[in-house]
Amino acid sequence: MSKAKSSESVKVVVRCRPMNDKEKASKFEAVVSVNVKLGQIMVRNPREAGALPKVFTFDSVYDSSSKQIDLYDETFRPLVDSVLLGFNGTIFAYGQTGTGKTYTMEGVRNDPEKRGVIPNSFEHIFTHISRSQNQQYLVRASYLEIYQEEIRDLLSKDQSHRLELRERPDTGVYVKDLFSYVTKSAQEIEGVMNLGNQNRSVGSTNMNEHSSRSHAIFVITVECSELGVDGENHIRVGKLNLVDLAGSERQTKTGAQGERLKEATKINLSLSALGNVISALVDGRCSHIPYRDSKLTRLLQDSLGGNARTVMVANIGPASYNMEETLTTLRYANRAKNIKNKPRINEDPKDALLGELQEQIAKLKKQLEKRMGKKKRRRRRKRDGSDGDELEDGETEDDESEGGDYWREQQEKLEQEKVAILEDHSLVAEEKERLLREKEKKMEDLRREREVGEMLAAKVKAMESKLLVGGKNIVDHTNEQQRMLELRRQEIAEQKRREREMQQQMESRDEETLELKETYSSLQQEVDIKTKKLKKLFSKLQAVKAEIQDIQEGHIKERQEHEQTQNELTRELKLKHLIIENFIPLEEKNKILHRAFYDEEDESWKMKAISRTDEDHQMMSRPPSAVSYRRPLSHFALTCQRMNSDPRYKAENILMVDLDLPARTTKDYQEPVIAPQVAAALEDALRDEDEVQVDASGFRSSLGAAPPASGSLKKSKSGRPTTRKKPSTPASPISPRGPGSALYPKPRGLVPK
Ligand code: ADP
Ligand code: MG
């Protein structure tokens with residue numbers, strides 16, 4: 001269930017940072033002036049002295065003296081408040097590198113005055129919870145980074161692992177396996193942020209360059225459960241995305257080659273995709289919004305034209321040498337103003353962790369209660385039976401002490417019984433032993449049962465400790481004062497906002513109504529006034545014309561850059577084609593073409609596993625020769641690859657696929673089929689010599705005319721029917737001499753004589 005709400009625009013604010021020491025030392029001119037009251041930024045071009053400054057109007061603007069807390073109270077606090085109510089919220093910091101994005105989002109650590117939005121929101125959220133009543137909260141934090149279109153979990157131990165995006169029809173896009181910490185206080189969640197920041201700098205070689213090219217997203221999920229009017233518990237889930245975007249400056253791609261070119265095209269892919277999404281959203285004619293073009297836009301789809309409240313902070317620098325970038329940023333921000341979102345409260349979503357936790361706690365508690373109930377019953381029975389004590393069960397006792405007493409009681413009782421058995425002389429030794437064993441077993445069972453009970457109780461406790469409930473320090477006097485102070489600050493902020501809005505409206509209305517009010521006393525006066533007005537309008541026209549020209553120039557520049565990238569990519573592609581045509585056999589190429597497929601989920605080309613076509617089981621993969629190389633490489637070749645431009649050693653890059661093993665042409669060894677007679681004969685031959693009985697008569701006759709009976713042949717010493725076929729062996733020692741005489745030499749198995 002969700003409460004529908006009308007659409008509202010993305011709120012855009014601009015913040016201009018102060019001149020830094022270097023800019024001051026080099027005496028750069030400040031070209032940006034900020035009118036906080038009117039919410040206007042004016043940029044003048046120092047090269048065109050006579051030209052009018054370019055004016056942009058925003059929801060609010062902040063000059064170089066703006067304080068972090070002012071920004072928070074006026075702009076971010078209302079957003080975080082709505083997250084606490086169950087809306088999704090997103091804060092983007094956009095702008096050129098070095099203009100204060102990280103300063104706005106994180107600020108300066110250890111300086112309470114200069115803390116940014118993220119730490120301020122921690123304080124805000126947990127203070128809100130501590131003041132709440134009859135509500136249960138669960139707060140989770142995740143921290144991730146997108147660098148070159150790869151998602152890294154900044155809270156995971158394994159920083160080399162890359163995460164993937166998945167989509168579910170009910171909950172939308174999410175990051176698979178993203179770690180999230182349940183946090184119970186502002187300190188805890190700050191620890192989470194610090195851990196992520198550490199990983200962010202550890203994972204990169206050059207922190208400055210890395211942070212200007214990566215997007216960091218800190219996600220706080222606040223789940224709140226409250227008893228509704230229908231008597232049921234309802235859960236609202238608000239998700240706050242705090243995004244420190246990559247530097248918006250154009251990456252120069254000139255001269256980049258191969259891997260570096262690929263890198264350069266990927267670096268700002270997410271950011272240019274963000275720009276395209278904004279353009280498409282603002283342009284009413286576009287039906288297709290290219291969210292799927294980058295990881296960032298997919299992940300923040302909800303924040304742009306979806307179910308979220310969004311604030312965009314555009315950061316700019318005041319110095320003249322940044323003018324181009326400043327104008328680009330302001331135009332970008334100006335466009336974003338027109339994005340319409342439809343925020344609504346997320347009530348009872350399927351993936352709420354809080355609900356799950358509550359259910360589990362209830363289940364465990366029930367289990368625990370059942371155990372307690374069993375015990376109570378048992379105890380009552382025992383009491384009634386043994387000493388006839390009519391005492392009622394102490395219902396007022398709390399469960400824990402009652403449980404402890406019960407265990408102790410039982411244990412003592414068993415011990416006593418044991419002693420009694422030991423001392424009982426009337427029992428036979430065997431009987432005694434049996435009884436003792438029984439008692440021991442009972443004690444063991446008791447102990448185990450107690451352990452399970454304790455484990456359950458501990459589990460419930462651990463789970464419950466994750467849930468936060470407020471209302472503890474509501475009577476606290478200072479707390480109350482603080483709350484009043486905050487309320488006042490909020491009121492002031494609201495008043496300022498209204499004032500600004502009214503001023504802006506008045507400005508625009510002034511121009512419109514000027515004409516209607518005026519009456520002219522003379523023709524000359526009318527001419528004068530109209531000339532003045534004409535001049536004003538003319539200069540306005542000029543400003544608009546100049547703006548159009550600027551935008552066109554910007555477009556042309558952008559197009560040229562795109563063309564350049566396209567040319568370079570085409571060249572790269574041609575080279576690849578050339579290599580394929582000249583170095584890769586057609587047969588291999590077809591095999592690869594056959595195996596390659598596009599993985600929709602991952603949005604990348606992949607290779608199917610090599611399998612035999614006739615039988616569809618996978619072939620053995622190639623044994624690894626050396627880590628990440630296709631074949632063992634000599635040290636010399638490796639050095640040449642690195643140092644030398646000689647393409648001979650670059651061959652490794654041509655085809656990086658698993659070795660396609662050739663089709664099998666050999667057959668498995670199969671035992672030959674042996675005729676039964678031969679098998680029997682072999683068996684005979686291999687038997688111990690003593691067991692062999694030789695029937696000489698049969699053998700003799702075999703040498704004569706009559707063929708022997710098969711049975712006698714079987715028993716013949718050699719068992720080799722071939723002897724019959726070789727009558728020509730004249731030196732045969734088995735020539736008959738006389739019956740019964742010692743004609744035969746000692747049999748010696750199969751050894752031919
Ligand atoms: P980005 O993240 O956009 O690259 P940073 O936040 O790192 O820029 O800011 C660059 C420098 O400017 C930092 O030293 C920061 O302290 C300083 N700075 C930025 N904005 C302000 C501001 N509003 N007031 C004072 N110092 C600022
Ligand atoms: Mg930064």
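Residues numbered from 1 in each chain as written. Chains lettered and ligands numbered in written order. Predicted model: local features only at pLDDT ≥ 70, side-chain atom pairs only at ≥ 80, totals over all residues. Heavy atoms only, no water.

Explanation requested: unusual backbone geometry in the structure shown.
A negative phi angle is the norm for most residues apart from glycine, just as the trans form is the norm for most peptide bonds. Positive phi is not limited to glycine here, since N110 has a value of about 65°. Looking at where N110 falls in the secondary structure, it is placed in the loop between helix 3 (101-105) and helix 4 (117-131). Positioned with a positive phi, D177 is a non-glycine residue whose angle comes to about 65°. As for its placement among the helices and strands, D177 is situated in the loop between strand 11 (172-175) and strand 12 (181-183). (Helix = DSSP H or I, 4+ residues; strand = E, 2+ residues; numbered from the N terminus.)

It is not clear to me how the pairing of strand 8 (residues 135-147) should be interpreted in this structure. Could you clarify?
Within a regular strand, side chains alternate between the sheet's two faces. Of all 13 residues that make up strand 8, 11 are buried, and the element is covered over most of its length. Note that strand 8 and strand 13 (residues 215-227) share 12 bridges and pair antiparallel. By the bridge assignment for strand 13, R140 is matched with T221. Sheet analysis places strand 8 next to strand 17 (residues 468-469), joined by two bridges and oriented antiparallel. Bridging across to strand 17, Y137 finds its partner in L468. Sheet analysis places strand 8 next to strand 12, joined by three bridges and oriented antiparallel. Bridging across to strand 12, R140 finds its partner in V182. Where strand 8 lies against strand 9 (residues 150-153), four bridges are found, and the strand directions are antiparallel. Bridging across to strand 9, Y147 finds its partner in E150. (Buried < 20%, exposed > 50% of the residue type's maximum accessible area, 1.4 Å probe, protein only. Pairing = 2+ DSSP bridges.)

Please explain the packing of aromatic side chains as it appears in this structure.
In this description, an aromatic ring pair is defined by two values, namely the gap between the centres and the angle between the planes. Inspection of the entire model under this criterion finds seven aromatic pairs. With a centroid separation of 5.6 Å and 50° between ring planes, the pair formed by F122 and F218 is classed as tilted. Highlighted residues: F122 in helix 4 and F218 in strand 13, separated in sequence by 96 residues. For F218, a relative accessible area of 0% gives the class buried. With centroids separated by 5.3 Å and ring planes inclined at 70°, the aromatic side chains of F179 and Y181 adopt a geometry described as edge-to-face. On the basis of relative accessibility, which here comes to 39%, the residue F179 falls in the partly exposed class. (Phe/Tyr/Trp six-rings, centres within 6.5 Å; stacked < 30°, edge-to-face > 60°.)

Looking at this structure, how should I read helix 2 (residues 68-84)?
One turn of the α-helix equals 3.6 residues, which is why residues spaced by three or four share an orientation. Counted at 1.5 Å a residue, the expected span for helix 2 with its 17 residues is 24 Å, but the 21 Å between its end C-alpha atoms falls short. At F76, helix 2 is bent by approximately 55°, the largest bend along its length, and proline P78 sits one to four residues beyond. Note on helix 2: the residue one or two positions beyond its end, G86, has a positive phi of about 110°. (Expected span 1.5 Å × (residues − 1). Bend = angle between axes of the 7 residues up to and from the residue.)

All quantities given are derived from atomic positions and should not be read as evidence of function.
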